[in-house]
Structure formats: structure tokens, C-alpha cells
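What follows is each chain in one-letter form.
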Amino acid sequence: MRRGKLSRRDFLKRAALAAAGAFAAPSIITSKALGGSTIPAASDRVTLGHIGVGGQGRGLLNGFLEAKGCQSIAVCDPFKNRREASAELISQKYADLSGKGGYQGCAAHEDFVELLTRPDIDAVVIATPDHWHVPIALAAARAGKDIYVEKPLGISINQNKALRSAIHRTGNIFQYGTQQRCFNTHCAFACELVLNGYLGKIKEIHVEAPAGTSGGSTVPAPLPEGFNYDLWLGPAPASPYTVDRCTNLGTYHVYDNALGFIAGWGAHPLDIMHWGYPQIPVEYQGTGTIPLEGLFNTVTNWTIRGRFADGALFTFKDGPDKTTFVGEEGWIAASRETIEANPKNLLTAVLKPGEIHLLQNANHYQNFIDCVKSRRPPASPIGSAVQSDFVSHLSDIAIRTGRTIHWDPVREEIIGDEMASRLLSRPMRSPWRL
Amino acid sequence: MRDNKTILTIVLAILGGFLFLEPVADADAESRLRVLILAGKNNHAWQETTPALKRIYEASGRFVVDVLNDPSTCSAQMLKKYDVIAGNWTNFPSRDREWGREAEKSLLEFVRSGKGFVLVHAAGACFPSWPEYQELIGAAWGSNSGHGDYHAFNVTAAEEGHPITQVLGNFIITDELWHRMDVKPAAHILAKAYSDQARGGTGQWEPIAFSSKFGRGRSFYLVLGHDAQAMMNPNWKMLLLRGTEWAATGRAAIEIPFDILEILRAAAGYTRTENRERLAAIEQLAQSSSRNPSLRRQLAKSMTDMLESGAAVDFKKFLCEQLSVIGTSAEVSRLAQLLGDKELGFHARLALERLPGNDTLKALRDATNGLSGRLLIGVVNTLGEKRDKQSVKILRRYLRDDQDTEVKSAALQALGKIGGDEVADDLMAQEAGISADLRPVLAEALMNCAEGFESAGKTGEAARIYRKLRDAAQPLHLRAAALFGSVRCEAGEATRLLLDALGSGDQALQSAVVRIVGTPQGKSFAQGAASRMTTLSESLQSQLLYALADLGDAKTLPEINKALSSSSRPVKLAAIYAIGRLGDSSSLEQLIGQIDGADVAELAALRKSLAGLRGPDLDERLITMMAKSAAPSVRKEVIIALAARGVRQSVPALLKTAEDDTGELRIEALKALGTLADGALAPALVRMAGDERYGGERPYIERALAGMGRRDKTPDRVIDVLLAALPDSQPATRESLLRVLGRFGGEKSFHVVRAYLEDADAEIRNAAVRVLSDWPDRSPLDDLLAAAGSSKETVTKVLALQGVANLTGKAVDMPADDRAGIIEQALGIADLPEPKKLLLSVVGRLFSLKALRIATSCLDQTEIVDEAGMAAADISRAIGKDYPKEAQEALAKALERVRSPGVADKIRSVLSDLGLKR
């Protein structure tokens, strides 16, 4: 395995800083000078750094470029071509806006430590592979930055807890990338009906998410030009690079750096579940398929049965994405694209002013920027992100152990299964740590 | 030179792999239980399962096995030497008793005398007419029994503490799961499996293992075990072995069922480019040890032995991962020896990080001596993660100035996680001389210490650290967090601290103060903060207002009211929001006063707040305000508020406004009536509908009537009023009434509306067609077809055909062919291209041959050829796999005829997806 361009010493030094967090002035107050008269006043703009500008990261970048009140000033990625292309895109966009051809432009960093030490960055948008989500978000929180991070959350339950503590300590604004809470407004509506009792007492909740993928080459391959694979791996165990290792599929379906679609896609319908019914099951049991051939080795198909503390039933399996709440007085099912209910007139219900209203904004990115400014909790905050992600983990643990997992939601521990409890943590490759 | 005893030990170890720790005497061969497997016939693969069973029994070292392929030869004499009989024989589906009297008798006597009988799977599906056999086996495949797919399912040991299942936890097995077996009341259910309906099961937990008593003997029935593959599951093996042992002796002592080393060795060459089946088997074994300490111990030991062997590196990494879950203190020292290993260092540490216990901590501590660089940092990280108090002395060493920065950084962070008095002192001492790049790490570590103290109730110690961290030299965000800490730990100082921070001009600290105001700790400070609101920046003012809203302390209201007059829009909006949250009756004037001159955002905020404002007399005051001669802009908002607040008692006043006022106010009042009123008001509104004065607001009257109907339990009351008013109504009114009837649907309305299809007035006829076209169900279809066919007017015809398209399109519960038939009729009637195109778009959603033929036949009409081609493509895509020939013909014709390149492309792509030629 080849190392990247940084010398070992540099790398360790940066890692140390990254692990601890660096000195930085937080929040939007610091004034920054940027060129151009048609760009709105500097002090009104939230400055963004984008960490991870692959497929999803580019999509977020484009989304934030359209949002009001922010400006992207830095990107970061271990792939040279990606970071340079994104930096160029951003620079071009602002050059057009400011009318100045020679606009200085957006910086392209290889590693995120450098980016996080910049005092002129207010917030970061993290769209790295799953295993980096929490370590980078932690570093960002400790550097005083506000954070937008893609789903799923951590690759262990302990990672999630650590991030939550860090955010609570310093009050960073945190938005979880479960964008359905804003972009798909019928999801908010479904959850509002549940929360405000329109379905009566909830008896069952059923969650489905698309199945994962098997395959992928295990044959070692030469590293692409300009790619810092060691940095990409970071806290994940070292393993030979293959052509499928760091692709979109590779980031989702290799257990060393992800849980698979049980979390990667599951995060969406599980997030909707928690939004409408803010607790998680205390019992998990089920089966799942883990491929025995090929690079991808996360759970592909699964079926989990569970139970909430109040006795309501829970199922979670692979299927077209959907969250179904079944109450004594009817049911409602929301997926990304559609909503169904029985009785049908639930769909035309109009909420009263005194009832709980959930929708903050129809744009998840704008919502984040607005909340960075107002310091209000955004649509998808850390508390529920942690809980819905727990469900993916506990389901995965139930499958991998073959046993019923009992969860204590107060102490946040697995009850009565010492071996399974060891799976709550994922030791990290040195020098990375929580 | 080896003696005989040693040879025997080796031989038996190879054969049995049992946990022998001393030399074996010849007598041991006799202490093994003798099993006779009955085989020779089965509707399952007995030729494979019988040897499999034999291997399982023998590998355990506890059994000696004979196989009998003809059970009819059983006799008392022949069975004497056995301890247990294992049935792998069935003649299912035959119901005959095939073994003969002698054999039957000898079997029963065998068990009754105090020995055992074991059955596997289909062995319990024979001899339904032999009552003693049925009593013996305790459960059977009966006439109601069935099974779903062969798949993976969960099993639990139902009877806690039964000897057989004692060392078994829950597990997953891939097998065939039977359901609805005939179970005798006397049979004990030992374990159950979840029978998933999605896999052909019952949705229940079905029993899969039974034990029964028979005379002085015992039987054990293991229902799982459809084939040799299923029998490879280690949990299945354990059940079989312990069940057999118990059946033979009444006790189950087997804890390690097979040669663990053999299984590990078989995978020792594993590299990551290979199939992982052998690894999965080991993993399964590891998980099966969750309630079996002996197995777990042996397995962990054997795995660790393999770590020291010449096995492949990738396999060793896998073993470390397994050991991280099943390892105990027995493995610690050997794992620790690998901490410095170039290839396995991380994986050894991974295992140790997950292994609890003091031995692990000591081993990790000891290992720091021999490590450096990244490997050392890893161990330091792990000691920190494990919060090892004993590590403090060691970690302290790494804080010296001559130490590597990265190691120092790791040590600082680890110490911070460990916390405690010693650590706090060390870290505080470091403060003065710390280098700039390590300052944030140190601050973070101190913060962790302080929080640790706080959780332990040592607020004094925590406060000391928080005080230090409030210092100007510290990272800003930590200073803010430290301020919060100080407020919590030094309650007496809280107000002073917060005031100082608020007045400091440091926006990050001010922001922290505001954040604190929104928490329970901030309660006592809320008013103080509120009174200083104007000294803050606009952004902080609005933050503070939101925090006050969250806090909900009414005493802060006067300050919030003042903020209403701020020139800053965000502040104003925040104030409006806060008033809505914690305002009272007096706030009504405040909010109303803001209406004039409010912009769009402010109006939106005002509406929300007016809607949510709480107070005893608010509703009445709003009603009064609506009636009095207040400014129209105010009255408009009041009406909107009344509707949002659901104030039913405002309905009479709203009606008056609707009737007497004009323009916007009338419209708003009508909207509000639609939200608040019920069918009792229908007559009044129908009168309005008939009144020319309200001609301009007709749509709003209709909507209001529709709303009223929805508010009643059924819309009948409103429908009746509408129907009664219809006959004498003027044309314009009549249209309105018909449209409202169309919203409700229903049989009564339908008959009335359809009668208007024959009305003398063409406008009314068309209105009737429009209303029927949007009907909530498909009852008007026939009438619309008839109207399309008979009408001489183009407009009516087109409208009617559109209606047919619309209703047929929505009739998803109707069979596709029936829907296609209706469209076909409509297409026959249509003579203009536009309605035909609409009808074709519906055809395209009907996935049947008939629909395909209709689409194809339309290809002959040049003005709709592209739409027909599109429909053919959509239908073919859906049914092409089942009807390739028809699809091919249709698409080929379409490809010839269509003109649009886009449609042609689509047709080609469907052909290609279906694998058809052009």
C-alpha cells in the first residue's frame, strides 16, 4: 500500500491536530473580505468548506451554491481530480457573479485538517465515505465549526455517542443529511399526523429500505494517479486497493468502512420513523444475507422484527423505501415520492395552529444555512440522527450475532449480552481516535 | 520413543478431537455411548444425511455409531448393546406400519427400559396409526402440517434451563421450517423458530425440538435438519448431540461438539480474494458459543494458537476480529505479543480494545515500553478509549518536552478521557508551557476532565478547570462551553459571569450566554439578559428572543414587546414569534399594531402568532374586532386568525361579513366559513350563490360549500340543500351548484346531475359533463360515453371524451381489459385528434394484449401516430416478456410509422430491453 504525498511526520502531526481539534474562531461574526460588488455583504455570508466532493459531495455542493446567504470557499478530497474540479466549478460560479475574471477562487485541500484549521470557514459539509463521517464531524465540532453531515452517521454506536457529546458541549449547529425532512414535504405531514394523534395509539411501525449489493473485485489493483488512498482509508483497517474499493458501491458495501444499505439507505425511512415516533425499539431479532463472494460484505437483504418499550411492533426489511405507521385509528405510509393513508381523508387533514408543526423549510440546505445564522436547531438535529442510526446498528448486530438484542434506551447499552456489546465499538487505525 | 498410550492419545485426538488433557485409557472407548442410526428409506436425501449424522456423532468423541438400513430386523437381542437409537428413516407419505410386530415391540421395550430414541426431521412423519410410536415421539407431521421455503430463520431455546438447550443461545439456521405440527400435550417444547409469512410460514413461533418421556426412557425429536447442509450448522449439531446424550442417559454434558482445530485449519490459507464460506462457518461457531463457556474457551484458545502458526495473514486478521468478540483474559498476553507486529499490530489491538478486564489493561500498558511511532500511538489511544486509570503514570511520561508531538498529543487526549485529580493536576501544570499547536488538544483534555468531575458531583474541581478554560488564550468555542460549565458549577457566580460575558463585546461568548438562557440553568438570568437586549448585535437579539420563547417566562414579555419596534427585520420576526409563543391577552394589541405596513415575511409571522396566541378572552375579542370598524387590513388578518384558531362561534359574524362587506374581506370571510362552518349554513350560502351581487365570488362560495360538506359526518345535509335549490336556479347559479355536487359525488347527486345532460341549455349540458368528468367514482362513465356519442356539439363531445379518459384513467381497480374496452369505444366515437391523444395516454397505462392491439390499430391514423407509438412502447415494456411475438409486431409497426425521433428512440430502447429485434 503506497502512502500519499505527505511525509509521515506531517501526516502524524496533522492527524494529531485533527484528532484534537484546532484553534478556530467560530460563527458568522468574523468578517471576511471577498471580492466582487454583486456578491452580498461578507458578514451576512456563511462560509462553507466541503469535505468529500465525490458523487454525493458534488450534489451537495451544487445545492449549496444555489442556497442564499452562504459561500463555498474550500473543498477537500483525497482524489486530486475531484477536488480540483470542484474548486474550479466554485471559482467559476463566483467569478461569474462578481463580474471579475480574475477572482481569486476556492481553495482545494487534500486533507481535512488543513481545512478545519482555517478561521475563515464557518461551517463544513461532510460527504465522505461512511467511516469518516463521525471522525471528521468530531474534529469539526472541536474546531468550533457548524456541521452538515451525510447519512448514515457513525460506523459504531460509540462513535455516535461521542459526536453527540461533542455537539452538546459546544452547541454547534448540526444538520443530518436526511433531506426528506425538507425536500419531501409530505414526509413532514405524515409525521405531523402521527405526532398529533390523528392515528390514535400507534400499534406497529414498518420500515423498508432498498437491498444492498454484492460483488466487487477483490483483486489488488494499482492506485489511480493523484489519489491518497491511506488518507481515504483513515481509521479503517488497511487493505489492498481494488478497482471497486473506493467507488460509490465500495463506499457503501464494504464492512471495513460502512454498514451497508441497512444504514446507508435505511437512514432515510428510519429517520422519518423517529421524526413521527421519537423513540426506538428495545428489542431486535432477525436474519440477513451477507455475501460470501466478492469485495462487498455488508448485509444485502434483511428482515428484522422488534418491539418498542410500549409494546408496539417494529419490522425493518429490504424493499422499496417506505415508513408505515399503523395506529388504532388508521395508518399512513410515506416514502420519498409518495404518501398513502387509510382512511383516505387523513391525507386532507388540516393541522390546527396549536398542534405540532414539523416542516421548517422545503430546502434542506437552505434550512442549514438559516439555522447557522439564527442558531436555532435545524430540521434534522443530532439527537434524532443518533437514535435512528442506532436502529441500523442494533439491527445489524442482531443479524451478525443471530441473537435477540435487548436495548436499554436510557443507559444506551445492550442488555445481557456481553459479546454483542463488544460490537458497539469499532477500534480505529492509528493515529485516528474518537 | 513413543509408548502405546501416547499413540492412542494421538489417534483418538485425530479421530475425535475431544478435549483430552491426559492420556486416554482403553476403557474410554467403552464409556462412549452407542448409537444405532436407522436409515435406508426417507423422502429426503438419507444417503447423504446418514453419513453426515454418523460423522457428527463420531467427531464429538462421545458416541460410537452403527447404521441399520433395515429397521424391520430390529430385535431385543440386537438392540441390547445400544444406548440410543437415532431415527433417520421414514416411509412418508405411506401410512403403513412397515417394520413388523417384532421390531416395533423391541423398539418400544428398548426405550421403556430406560434408553433413548432420537428422531431427525421426517422420521416424525410416519406411522400415524401406531399409537405408541406417536406417544413416543411426542410430535408429528400431521394432516395440517406444512412448511415454507428453505431459508434462514431465527431459533430460540424456548425452555430456559432444560439440560439439552442449556448451552444454546438464540441462533440463525438455514433450513426447512415446519409449521402446525401435531404436538402431544405431554411433549416438552425445547426450542422454537420464527415462521415468516413472507417465506410461506405462519407468522408464529413454531416448535422445532421436543423431548418426551416414555416408560423409563426418553425421546428427543429434532425437527430441523432437512439436508446435510442444514446439519452443518454448529447449533444444529449441538442440539443433536446433547439431545441424543440426554435421550440415552437423562443428562446432557457435551459442550464441545467437534474438532475445532480441524475447522480452523481448513481455512488457514484464506486470503481476501477468496470465497468466505469457511470463515462464515467459523463465525457461526463463535456466535454459537455465547452461552457455552467451554466451547468459547476452547475456540478462543485454538484461534490464538493459529495466530502463532504459519496461517495466512488475512486469516489471522479474521481471527483477531473473532477474538475481539469471544476472547477472554486467557488470550490477552498472547495477543499483546502481536501489538508490535508490522502486519497484525492493528488487529491485535482491535481485539484487545474490545476485550474487557484488568489483564487487558495491564498488557496494553506493558506493551508501551517496546513500541514507538504509530504503533505506540495506537496503544495510547486504546488506553484512553478504555479510560484506564492505571495508565496515568505511563502516559505522563509522554508529556515531557522531548517527546514526539504526535505522541504527546495522543497522551494528552488519552489523559483527558481518563480524568481524575491526578490527571487534572498534570494537565493544569502543562498549561503554562504548552506549545501553540498543542494548546487545543490540552484544552480539549481539560474540558473532558472537567466534565468528568461534574458527572461525579465534584463541582469544585470542575469549576477550577472551567475557570481556567474561560481564559482569553483558550479556543473560543471552548471558552463558551467553559462559561456554561461555570454557570452550572458555580451557581452563586452565575449571574455575574453571565452579565460579564454579555457585556464583553465578544460575540461568541455572548452567543453562549444566549444559548444558556434557553436552558433550565438560564431561567434565573432570563430577565437580566432580556433587559440588556438592545446592547447586543441584531443577530444576537434575535437569538435571544428565540431563547426567551423557548424558556416561556411571561415576565420577559415587556422586553420582548419592545423588540417589536426594532428596525431590524430578523429581530422583529423573532419578537413576533416569541410573542406568539409566550404572549397573553395583552399581546393581541401588540400584534395587531404590527399589521399595518407589514411585509410578506412579517405578515406570515404575524399570522402564525395570532393563530397560536393563548389567552382566556382572545377569541371573543377577535370576533369583536372583526365586526367593529377597524382598518380593512386588520379585519382581514382577524378573519384569517379566527379560521386558523378554529373559532366556530365566529361563524354568524363571518356570514354577516361575507354578505355585507365587499372585495377581499368578503373572500376571506367565505374562506373562513369553508374552514369553520358546517352544513347548517348551507342554505345561507346557496342563497348567496343565487344572488347576483355575489357573482364575482362564486368560486369562493362553491369552495365554502364544499368545506361545509366535509365538516359534517356525511355531506348529505349540504347535498340536500343543493338539490332543492337546483330546479329554480338561474343558469350561472345552477353551474355552481352542480360543481359543488360534483365534489361530493354520491348516488343521489349523480342521478340529478346526469339528468342535466339533457338540459335545454347547452351551457348547462356542458357544465353537467364537466362535473361528471371529475366525479369521485366511475359511475358516470356510461353516461359520458353516451353523451359523447350522441352529442352534435363539438365542445360537449370533446368534454365528454376527456371525462371518459379521466375516469377510466383513475379506475385502477377495474380489470385492464375492461378499461381498454371503454377507451376503445371512446376512440371509435372521437373524431378530433386531441381527445384521441388523451385517450391513448390512458391506453398506455393498461398492460394487456387488448390495450396493445388498440394502440397498434391507432398507428394507422397519422395525426395520432406518435401517441399511439408511445402507448405501444409503454404497454410492450410491461407485457413484452410474456408476449414477445405480439410486442415485437406492435413495436415494429410503430417504428415504421412514428414521426417523432424521441418516440422512435423510446421504441428502440424497449425492443432492446426486451431483447427483441427491430
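What counts and what doesn't
- Every residue gets a number counted from 1 within its own chain, in the order that chain's sequence is written.
- The lettering of chains begins at A and the numbering of ligands begins at 1, in the order of writing.
- In keeping with the predicted nature of the model, local features appear solely for residues at pLDDT of at least 70, side-chain atom pairs appear and are counted solely at 80 or more, and the whole-chain, interface and lining totals rest on all residues.
- Calculation of side-chain values draws on the structure's entire complement of heavy atoms; hydrogens and water are dropped beforehand.
- Each helix is a run of DSSP H or I of at least 4 residues and each strand a run of E of at least 2, with the numbering of both proceeding from the N terminus.
- Partly exposed residues are those whose accessible area sits between 20% and 50% of the maximum for their type, while under 20% is buried and over 50% is exposed, using a 1.4 Å probe and protein chains only.
- Residues are treated as being in contact if the distance between any of their heavy atoms lies within 4.5 Å.
- Calculation of accessible area relied on Shrake-Rupley with a 1.4 Å probe; when residues are assessed, cover is drawn exclusively from the protein chains displayed.
- Our working definition of a disulfide is a cysteine sulfur pair at a distance within 2.5 Å.
- What pLDDT reports is the predictor's confidence in each residue, on a scale of 0 through 100.
- In this scheme, strands are said to pair when DSSP sees at least two bridges between them.
- Clockwise travel from the first strand over the helix to the second, with the strands pointing away from the viewer, marks a crossover as right-handed.
- Like-charged residues are merged into a patch within 9 Å and nonpolar side chains (Val, Leu, Ile, Met, Phe, Trp, Tyr) within 5 Å, provided each residue has over 30% relative accessible area and no salt bridge.
- By convention in these notes, a salt bridge is any Lys or Arg side-chain nitrogen within 4 Å of a carboxyl oxygen on Asp or Glu.
- A positive count includes Lys and Arg, and a negative count includes Asp and Glu. His and the chain ends are not counted in either.
- Charged groups are reduced to one reference atom each: NZ for lysine, CZ for arginine, CG for aspartic acid, CD for glutamic acid.
- Only C-alpha atoms enter the line fits that serve as axes; for helices the fit covers just the stretch in contact. Angles between N-to-C directions range over 0 to 180 degrees.
- A 1.4 Å probe defines the accessible area here, and the buried area is the portion of it lost by two parts on being joined, summed over both.
- Only Asp, Glu, Lys and Arg are considered charged, only Ala, Val, Leu, Ile, Met, Phe, Trp, Tyr, Cys and Pro nonpolar, and every remaining residue, Gly among them, polar.
- Put simply, two rings from Phe, Tyr or Trp (the six-membered ring, in Trp's case) pair if the centres are within 6.5 Å, and we call them stacked under 30 degrees between planes, edge-to-face over 60, tilted for the rest.
- Cation placement over rings: the criterion is NZ of Lys or CZ of Arg within 6 Å of the ring centroid and within 35° of the ring normal.

*Asks:* Sorry if this is basic, but what is going on with the overall build of chain B here?
*Replies:* On a plain count of helices and strands, chain B comes out with 47 helices and 11 strands. For chain B, the C-alpha atoms occupy an extent of roughly 120 × 90 × 60 Å along the three principal directions. For chain B, the residues scored as buried account for 55% of the 918 residues in total. Within chain B, residue pairs in contact and separated by at least 24 positions form 66% of the contacts whose partners lie at least 6 positions apart. On chain B, roughly 38900 Å² of surface is accessible, and the fraction owed to carbon and sulfur atoms is 50%.

*Asks:* Explanation requested: the state of the cysteines in the structure shown.
*Replies:* In a disulfide, the sulfur atoms of two cysteines are covalently bonded to one another. Going through the model one piece at a time under the given rule, you end up with 0 disulfides over all chains. For C182 of chain A, which is in no disulfide, the shortest distance to another cysteine sulfur is to C371 of chain A and amounts to 8.5 Å. Judged by its relative accessible area of 0%, C182 of chain A is buried. Here C126 of chain B is not cross-linked by a disulfide; its sulfur's nearest cysteine counterpart is in C74 of chain B, at 13 Å. Taking the relative accessible area as the measure of exposure, C126 of chain B reaches 1% and is therefore buried.

*Asks:* Just to check I follow, could you spell out the confidence of the model for chain A for this structure?
*Replies:* As a general rule, the predicted coordinates of low-pLDDT regions are not to be interpreted in detail. Overall, the prediction assigns chain A a mean pLDDT of 89, with 89% of residues at 70 or greater. For residues 1-40 of chain A, every residue scores under 50 in pLDDT, and the model assigns this stretch 107 contacts once sequence neighbours within four places are set aside.

*Asks:* Explain the pairing of strand β4 (residues 123-126) of chain A here, please?
*Replies:* A regular strand places its side chains so that they alternate between the two faces of the sheet. All names here are of chain A. Residues of β4 alternate between two faces, with A123 and V125 on one and V124 and I126 on the opposite face, all of them buried. Of the pairings in the sheet, the one linking strand β1 (residues 46-51) to β4 comprises 4 bridges and is parallel in character. Its bridge partner lying in β4, G49 is registered against V124. Sheet topology places β4 next to strand β5 (residues 146-149); 4 bridges connect them, and they run parallel. Residue V124 lies in a different strand from β5, and its bridge partner there is I147. Between β4 and its parallel partner β5, the chain crosses via helix α5 (residues 130-142), and the hand of that crossover is right-handed.

*Asks:* Could you clarify how one ought to interpret a positive patch on the surface in this entry?
*Replies:* Side chains of K352 of chain A together with R648, R703, R710, R711 and R743 of chain B sit close together on the surface and give a patch of like positive charge. Element by element, the count of residues in the positive patch is highest for helix α35 (residues 698-711) of chain B, at 3 residues. Mapped onto the secondary structure, R743 of chain B falls in helix α37 (residues 731-744). Residue R743 of chain B is classed as partly exposed on the basis of its relative accessible area of 46%.

*Asks:* Which parts of the structure should I look at to understand the sheet that holds strand β4 (residues 116-120) of chain B?
*Replies:* Sheets are built from strands paired through backbone hydrogen bonds, the pairs being either parallel or antiparallel. Residues and elements named next belong to chain B. Taken together, 9 strands build an open sheet; the order of strands is β2-β1-β3-β4-β11-β10-β9-β6-β7 and the sheet is mixed. A single partner strand is all that each edge strand has here, and the edge strands are β2 (63-68) and β7 (171-179). The average undirected angle you get between the axes of adjacent strands in this sheet is 30°. Relative to β7, strand β6 (residues 146-157) runs antiparallel, the two being bridged by 8 bridges. Among the inter-strand pairings, Y150 is bridged to a residue of β7, identified as E176.

*Asks:* Please clarify how the sheet that holds strand β11 (residues 322-327) of chain A should be interpreted in this entry.
*Replies:* All names here are of chain A. With mixed pairing, the 9 strands of this open sheet are ordered in space as β13-β12-β11-β7-β10-β9-β8-β14-β15. The sheet terminates laterally at β13 (339-342) and β15 (413-414), the two strands that pair on one side only. With 6 bridges joining them, strand β7 (residues 202-209) and strand β10 (residues 313-318) adopt parallel strand pairing. By the bridge assignment, A209 is partnered in β10 with D318. Those strands touched by helix α8 (residues 185-195) are β7, β11, β12 (330-334) and β13, and its axis lies near 155° from that of β12.

*Asks:* Please clarify how the interface of chain A and chain B should be interpreted in this entry.
*Replies:* How big an interface is tends to be reported as the loss of accessible area on association of its parts. In this complex, chain A contributes 69 residues to the contact, which on the side of chain B involves 77 residues. A combined buried area of about 5800 Å² lies between chain A and chain B, and 50% of that area is made up of carbon and sulfur atoms. Inspection of the chain A/chain B interface yields 6 salt bridges. Here E418 of chain A and R296 of chain B are joined by a salt bridge, their closest N and O atoms 3.6 Å apart. Those elements giving two or more residues to the side of chain A that touches chain B turn out to be α1 (8-20), α5, α6 (157-170), β8 (283-289), β9 (301-307), α13 (364-374), α14 (382-401) and α15 (418-421) of chain A. Among the elements that make up the side of chain A that touches chain B, the one with the highest residue count is α1 of chain A (9 residues). For the side of chain A that touches chain B, a count of residues per class yields 31 nonpolar, 19 polar and 19 charged.

*Asks:* What is the right way to read unusual backbone geometry from this model?
*Replies:* Backbone phi values are negative for most residues with the exception of glycine, while trans is the configuration of most peptide bonds. For the bond running from N342 of chain A to P343 of chain A, omega is 0°, close enough to zero to count as cis. Relative to the elements of secondary structure, P343 of chain A occurs in the loop between β13 and α13. Following F92 of chain B, the chain continues into P93 of chain B via a peptide bond in cis, with omega recorded as 15°. Within the secondary structure, P93 of chain B is located in the loop between β3 (84-87) and α5 (101-112). Despite not being glycine, R180 of chain B shows a phi value in the positive range, around 50°. By the secondary structure assignment, R180 of chain B is in the loop between β7 and β8 (182-183). Under the relative-accessibility criterion, R180 of chain B is labelled partly exposed at 47%.

*Asks:* Just to check I follow, could you spell out the packing of aromatic side chains for this structure?
*Replies:* Describing an aromatic ring pair means giving the distance of the ring centres and the angle of the ring planes. Applying the stated criterion across every chain, the model contains 38 aromatic pairs over all chains. Centre to centre, the rings of Y148 of chain A and F368 of chain A are 5.8 Å apart; their planes meet at 70°, and the pair counts as edge-to-face. Of this pair, Y148 of chain A sits in strand β5 while F368 of chain A sits in helix α13, and the two are 220 residues apart along the sequence. There is no split in this pair, since Y148 of chain A and F368 of chain A are both buried. One aromatic cluster is present, built from ring pairs that chain together Y277, Y284, W302, F308, F314 and F316 of chain A. Geometry around Y194 of chain B places R305 of chain A over its ring, the cationic atom sitting 3.5 Å from the centre. A cation over an aromatic ring shows up here: R488 of chain B above the ring of F484 of chain B, its NZ or CZ 4.8 Å from the ring centre.

*Asks:* Hey, could you run me through the environment of A800 of chain B in this one?
*Replies:* All names here are of chain B. Assignment of secondary structure puts A800 in helix α41 (residues 794-810). Between the C-alpha atom of A800 and that of A247, which follows or precedes it by 553 residues, the distance is 80 Å. Non-local contacts of A800, meaning those with residues more than four positions away in its chain, are made with V769, L784, A787 and A788.

*Asks:* Just checking my understanding: could you explain the pattern of salt bridges for this structure?
*Replies:* Should the charged atoms of two oppositely charged side chains come close, the side chains can pair. Throughout the structure, instances matching the rule amount to 79 salt bridges over all chains. Between K54 of chain B and E58 of chain B there is a salt bridge, and its shortest N-O distance comes to 3.0 Å. A residue pair is termed a helical-turn pair when its members lie 3 or 4 positions apart in one helix, as K54 of chain B and E58 of chain B do in helix α3 (residues 46-59) at 4 residues. For K54 of chain B, a relative accessible area of 29% gives the class partly exposed. Assessed through its relative accessible area of 31%, E58 of chain B is described here as partly exposed. Measuring nitrogen to oxygen at the nearest pair gives 3.7 Å for the salt bridge that ties E735 of chain B to R739 of chain B. Placement of the pair is E735 of chain B and R739 of chain B together in helix α37, with a separation of 4 residues, close to one helical turn. Given the relative accessible area of 19%, E735 of chain B is considered buried. Judged by its relative accessible area of 37%, R739 of chain B falls in the partly exposed class. Each of R142 and R169 of chain A together with E444 and E451 of chain B takes part in one network of salt bridges that share partners.

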